[in-house]
Amino acid sequence: MRILVTGGAGFIGSNFIKLYLARHPDCEIVNLDKLTYAGNLENLHDVESDERYRFVHGDICDEAVVATAMRGCDAVVNFAAETHVDRSIGDPAGFLKTDVFGVHVLLEAARAADVSRFIQISTDEVYGPTLDCAFTEEDRLNPRNPYSASKAGGELLARSYFETYDFPVIVSRGANNVGPNQYPEKVIPLFTTNAIEDLPLPLYGDGLQERDYTHVLDHCSGIELLLARGVPGEVYNVGAGNHMKNIEMTHLILEELGKPETLIKHVRDRAGHDVRYAIDATKLRRLGWEPEFGTKAAILDTVRWYVANEAWWKPLKSGEFREYYERQYRERLDEAGAA
Ligand code: NAD
Ligand code: TYD
């Protein structure tokens, strides 16, 4: 099987490529990635000379590039996206372009190439928040920020290709992923690397919001299963049920690193902050999915990876990241009285 993986230089895509090449000796992977600030070919260092792997630098919105990359592929796994909620609040346009229009370009090319599987990687954030239940795939979508709204747009478009053209689309809705190689804008790598550097941890609002911290390798094995056994036209939640409140997660990181709680700074909340995400992954479990990492194990594995891999993240925290960090946090930290 030759798979077109898009966004494969990012966090989840690169973990997926490495896992899939290791477990499927006969596969070939073409990785199409635009290399935005979040794309990093270092993540694929281990496989770059593997003859089953090929990198194509390009944008999923570019029809010509996509058509060429798609040639000879049997399946597509679309990870390519703008992914950070805070950035989407500041500047939504790029999210609409990649996360909706880009999906359209990929779907058209994949249909023309007659691929046998198209996995659209979506997110639990399309359901919006819930205080008490865990959403099933039948529940209504209620995205509440430009990131989750554009992801909902992308997956609805993908599902429309199943209904309209009988095109074999499968949608996965993953929970918050943690693990190696996540860009340090997301909360766990941000807090871990800040704590290592004795910088403040900007906790939004009261810190009582809750996420399901699913290990990236568990997410990737779920996608692997969907490629093999997922039913076209269906949607599958991918969440281990690893719930933890932000304040508890922050304490866990500081405890593991032996750093003081005085590093925690409660800062002005994110606009429209979704209080809790929760999904029910029974449908995927029925296909045989069994996550390996529990809550603490997933978070601690991540923290330890960042401790051991300063050479990976230190260079990322300069340049573009620095500018973003100043924009996003300077005023908040000043308001909170943190230097
Ligand atoms: P990421 O931000 O780490 O990586 C995104 C990758 O996509 C980067 O390599 C980037 O260069 C590439 N990219 C962006 N725009 C592109 C374009 N127009 N054309 C080609 N490549 C482009 O993201 P991630 O955390 O690895 O997320 C991957 C996918 O999984 C996304 O679709 C995201 O919505 C979804 N998802 C993420 C999480 C999470 O917790 N990170 C959870 C559920 C679902
Ligand atoms: P994030 O990693 O951005 O993922 P998402 O918003 O997609 O779930 O944030 C996870 C949680 O951490 C979310 O409740 C917001 C919170 N958070 C902070 O408190 N401070 C921060 O600096 C960041 C980035 C997130």
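Before going into details, it helps to say that this report is about the structure given with it. (Residues numbered from 1 in each chain as written. Chains lettered and ligands numbered in written order. Predicted model: local features only at pLDDT ≥ 70, side-chain atom pairs only at ≥ 80, totals over all residues. Heavy atoms only, no water.)

## Things to note about the packing of aromatic side chains
Then, number 1: Counted by the stated rule, this structure contains 14 aromatic pairs.
Then, number 2: Seen from their ring centres, Tyr 37 and Tyr 183 are 5.0 Å apart, and the 75° between their planes marks the pair as edge-to-face. Note that Tyr 37 is positioned in the loop between β2 (28-33) and β3 (53-57) and Tyr 183 in the loop between β7 (177-178) and α6 (187-196), a separation of 146 residues in sequence.
Then, number 3: Here Tyr 183 falls in the buried class, since its relative accessible area comes to 8%.
Then, number 4: Here Tyr 325 and Tyr 329 contribute two aromatic rings whose centre-to-centre distance is 4.8 Å and whose plane-to-plane angle is 45°, an arrangement assigned as tilted. Separated by 4 residues within a single helix, Tyr 325 and Tyr 329 lie in helix α12 (residues 320-335), roughly one turn from each other.
Then, number 5: Classification of Tyr 329 by relative accessible area gives buried; the value is 3%.
Then, number 6: Members of the aromatic cluster, each reached through a chain of ring pairs, are Tyr 37, Tyr 183, Tyr 204, Phe 321, Tyr 325 and Tyr 329.
Then, number 7: When the ring centre of Tyr 165 is taken as reference, the NZ or CZ atom of Arg 111 above it lies at 3.7 Å.
Then, number 8: Taking NZ or CZ as reference, Lys 283 lies 4.9 Å from the ring centre of Tyr 236, over its face. (Phe/Tyr/Trp six-rings, centres within 6.5 Å; stacked < 30°, edge-to-face > 60°. Helix = DSSP H or I, 4+ residues; strand = E, 2+ residues; numbered from the N terminus. Buried < 20%, exposed > 50% of the residue type's maximum accessible area, 1.4 Å probe, protein only. Lys NZ or Arg CZ within 6 Å of the ring centre and 35° of its normal.)

## Digging into the nonpolar core
Then, number 1: In terms of nonpolar packing, the biggest core is built from 36 residues, with Ile 188, Phe 191, Tyr 213, Met 249, Ile 253 and Ile 299 touching the most fellow members.
Then, number 2: Grouped together as the second largest cluster of nonpolar side chains are 33 residues, Ile 17, Cys 27, Ile 223 and Tyr 236 included. (Core = buried A, V, L, I, M, F, W, Y, C linked by side-chain atoms within 4.5 Å.)

## Some details on the site of ligand 2
Then, number 1: In the vicinity of ligand 2, 21 residues are found, and the nearest of them are Glu 125, Arg 211, Arg 270, His 273 and Tyr 329.
Then, number 2: At 2.9 Å, a side-chain N or O of Asn 246 approaches an oxygen atom of ligand 2.
Then, number 3: Interatomic distance of 2.5 Å between a side-chain N/O atom of Arg 270 and an oxygen atom of ligand 2.
Then, number 4: Here ligand 2 has 510 Å² of accessible area as a free molecule, and 97% of this is covered by the chains.
Then, number 5: Those elements giving two or more residues to the shell around ligand 2 turn out to be α3 (85-90), α6 and β8 (201-204).
Then, number 6: Residues belonging to the shell around ligand 2 are distributed by class as follows: 10 nonpolar, 5 polar and 6 charged. (Near = heavy atom within 4 Å. Polar contact = N/O pair within 3.5 Å; in protein donor to acceptor, adjacent residues only side chain to side chain. Areas by Shrake-Rupley, 256 points an atom, 1.4 Å probe, with all protein chains shown as cover. Nonpolar A, V, L, I, M, F, W, Y, C, P; charged D, E, K, R; others polar.)

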